[in-house]
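Here's the letter readout for the chains.
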Amino acid sequence: MTGSADDPLIARIAEALRRPRAVRPGFEARVMAAVRAAPPRLPARAWAWLREPRVLAVSPLAGAAAAAVLAGIVIAGAWSATRLARAGGGAERAAAPTAGTAAVVRFVLAAPRARTVSLAGDFDGWDRSRLPMRREAAGIWTVDVPLAPGRYDYAFVVDGGRFVADPAAPPAVGDDFGRPTSVVTVGGGAARVAGGSL
Amino acid sequence: MRDDEPDGALVRRVLEGDTEAFAGLVARHRDRGLRFAASMLGDAAEAEEALQDAFVRAYRSLRTCRDPDRFGAWLLQILVNRCRTRGAGRRRRARLFVGDDGALERAAAPAGADPEWREEIDRALARLDPPQREAFLLKHVEGLDYEEMTRLTGARVPALKMRVKRACDRLRILLGEVPR
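Quick look at the structure, then. Note that the structure is a prediction, hence the values are computed from the model and not measured.

Quick look at the overall build of chain B
Of the regular secondary structure elements, chain B holds 10 helices and zero strands. Across the 180 residues of chain B, 42% fall into the buried class. Within chain B, contacts between residues separated by at least 24 positions form 69% of all contacts whose residues are at least 6 apart in sequence.

Structure, rendered in C-alpha cells:
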C-alpha cells in the first residue's frame, strides 16, 4: 500500500521511480571485493560478552573510589576531545586506524536530569533503542561499544526523543537534517572514552 | 544461493563464516537500494558508492541485525543514513544533468523506462528539501507505512506526514503541467 492510488499524478511518479535504475556492470563484484577487504567482525562470544549486563558488588569505599575514577574518565575524555576540537578536525587527528582490530569505546554523558539516555550512531543504523546507557552515580550515563577502526557519527538520545550532540566532541558535518551529531574516530586496539556533560 | 533462500538463512550463513553468501544479499537488494539512493542523491555514480558503503557497513555490523529475515529493511535504514551523510541535493545536482553521462552510457537503459519523464521527475525531486524527498520516496516509492518510517528515520509520524504532503504538493506544481 503506497497511498498514492488516489492521486493519479503521484501514482505515475511513483511508478516511474520504482523502475530499476541503470547500474554499471560489475557492481556486485565491487561490493564483494570491498566486503572481503572489510575488517573482520568481533567473534560472537566476544560481542555477547561485551553486551552482557553485569552487576558489580562493591563496598561503599570502593564505590566512592570508582566514582572518583569515573569522574576522572569523564574529565579526561572531555579534555582530550576538546583539545582535538580546538586543534581543528579533531577526529582526523586521532590515532590512525589499524585494520583488523576493534576497540571498546566508552561513551559518557553527564545528564543528571535525564530519565533515559541511549546512544545512536551510524554504527547501529541510528537505532535509538539498541544501545541504552546505564545511569551511574551523580547522573553519569555510560555505555561501552566495541567498534572496528573507522570514523563514526553519533549522538545521545535523551528521554527517548531528543538528539543531543556530545558536548565534548567535534561536531559532525553534512547532516542535511540539522540533527546534532558528533564524530568519534577509532584507532586500533586501544580503549577510548568519548563523553561530556549537558 | 537458492532464489527462495530467505534473507535470514543467508545472514546466518555469513555469520557462520560463509562470506560469499553475502553476495546473495547484495544481488537481492541491489535494485531497491539503487533506486532509492539514485532518487535521493540524484547521481548514478554516487548512488552506487552510497549503496556499496551501506552494504559494507551492513556486513561489518551484521551481528547487530536483530531480525535477519528483515535484512532489507535494516539495509534501507543504513542506506538512508548514508544518503543523509553524503548530503543529498547539493553539488551533485549539476553533475546529474551535465557530467554524469558516462556512468549511464555504460549501462543499458531499463526496459520500459521513459527517459524524458524520468528526467523531469529527477529534476523535480532535486528541488525538494532532502527530508521531504526522503519521506516521499519511503512512502510512495518504497511503500513503507508511517510506523516503519518512524523507526527508520527517527522522525515522528506527524512530521513525516507533513513532509510527504509538502513533497506531493510541490511535485504537483512542478510536474502537473508536464505533458505526458
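Quick look at unusual backbone geometry
Not every positive phi belongs to a glycine, and A:Asp159 is a case in point at roughly 55 degrees. Among the structural elements, A:Asp159 can be located in the loop between strand S6 (150–158) and strand S7 (162–164).

Digging into helix H3 (residues 44–60) of chain B
If you check H3(B), its first and last C-alpha atoms are 24 Å apart, about what 17 residues at 1.5 Å a residue would give, namely 24 Å. By the criterion of burial, H3(B) is predominantly enclosed, with 13 of the 17 residues buried.

Some thoughts on the nonpolar core
Looking at soluble globular proteins, one finds that nonpolar side chains tend to be buried together. If you look at the biggest cluster of nonpolar residues, it comprises 52 residues, and the most contacted ones within it are B:Ala37 and B:Leu79. In terms of residue count, the dominant contributor to this core is helix H2 (residues 22–41) of chain B (nine residues). If we ignore the near neighbours within four places in the chain, the residues touching B:Ala37 are B:Ala47, B:Ala50, B:Leu51, B:Leu79 and B:Cys83. Ranked by size, the runner-up nonpolar core spans 32 residues in total, among them A:Val108, A:Leu119, A:Leu147 and A:Tyr152.

Some points on the packing of helix H2 (residues 27–37) of chain A against H2(B)
Interhelical geometry of H2(A) versus H2(B) gives an angle of 135 degrees and a closest axis separation of 10 Å. With respect to their mutual orientation, H2(A) and H2(B) come out oblique. Between H2(A) and H2(B) lies a crossing of right-handed hand. Between H2(A), through A:Phe27, A:Glu28, A:Val31, A:Met32 and A:Val35, and H2(B), the contact on the second element is made entirely by B:Phe22, B:Ala23, B:Val26, B:Ala27 and B:Arg30. A class-by-class count of the residues in the contact of H2(A) with H2(B) yields eight nonpolar, no polar and two charged.

Some words on the packing of H2(B) against helix H8 (residues 130–141) of chain B
Residue and element names in this part refer to chain B. Close contact between H2 and H8 brings their axes to 10 Å; oriented N to C, the two are set at 150 degrees. By the angle between their axes, H2 is roughly antiparallel relative to H8. The hand of the H2/H8 crossing is right-handed. Of the residues in H8, those in contact with Phe36, Ser39 and Met40 of H2 are Arg133, Glu134, Leu137 and Val141. Within the contact of H2 with H8, the residues separate by chemical class into four nonpolar, one polar and two charged.

A few points about the environment of B:Glu147
Summarising the element assignment, B:Glu147 is placed in helix H9 (residues 146–153). C-beta crowding within 10 Å serves as the criterion here: with 10 such atoms nearby, B:Glu147 is assigned to the exposed category.

Concerning the pairing of strand S5 (residues 140–147) of chain A
Taken residue by residue, a regular strand's side chains alternate between the two faces of the sheet. Residues and elements named next belong to chain A. In terms of strand pairing, strand S1 (residues 103–110) meets S5 through eight bridges, oriented antiparallel. Counterpart to Val108 in the pairing with S5 is Thr142. Alignment of strand S4 (residues 134–135) against S5, held across two bridges, turns out to be antiparallel. Counterpart to Arg135 in the pairing with S5 is Trp141. Hairpin connection, S4 to S5: the antiparallel pair is bridged by four residues, and Ala138 has positive phi, about 60 degrees.

Cut-offs applied
Every residue gets a number counted from 1 within its own chain, in the order that chain's sequence is written. To read the labels, note that chains go from A and ligands from 1, taken in the order they are written. Confidence filtering applies because this is a predicted model: local features only for residues at pLDDT of at least 70, side-chain atom pairs given and counted only at 80 or more, and all residues used for totals across whole chains, interfaces and linings. Each helix is a run of DSSP H or I of at least 4 residues and each strand a run of E of at least 2, with the numbering of both proceeding from the N terminus. Counting other C-beta atoms within 10 Å of a residue's C-beta gives its exposure: the residue is buried at 20 or more, exposed at 12 or fewer, and partly exposed in between, where C-beta atoms are placed from the backbone. By the convention adopted here, residues make contact when the C-beta atoms placed from their backbones lie within 7 Å. A helix is expected to span 1.5 Å for every residue after the first. Any nonpolar core is a set of buried residues, restricted to Ala, Val, Leu, Ile, Met, Phe, Trp, Tyr and Cys, that join up through C-beta atoms within 7 Å. Angles here are taken between N-to-C directions and fall from 0 to 180 degrees, while the axes themselves are lines fitted to C-alpha atoms, restricted in helices to the stretch in contact. By the definition adopted for this analysis, an angle is roughly parallel if under 35 degrees, roughly antiparallel if over 145, roughly perpendicular if from 65 to 115, and oblique otherwise. The crossing is said to be left-handed when, going from far helix to near helix, the turn is anticlockwise and less than a right angle, and right-handed when the turn is clockwise. When residues are grouped by polarity, Ala, Val, Leu, Ile, Met, Phe, Trp, Tyr, Cys and Pro land in nonpolar, Asp, Glu, Lys and Arg in charged, and all others, Gly among them, in polar. Two strands pair under a simple rule: DSSP has to find at least two bridges between them.

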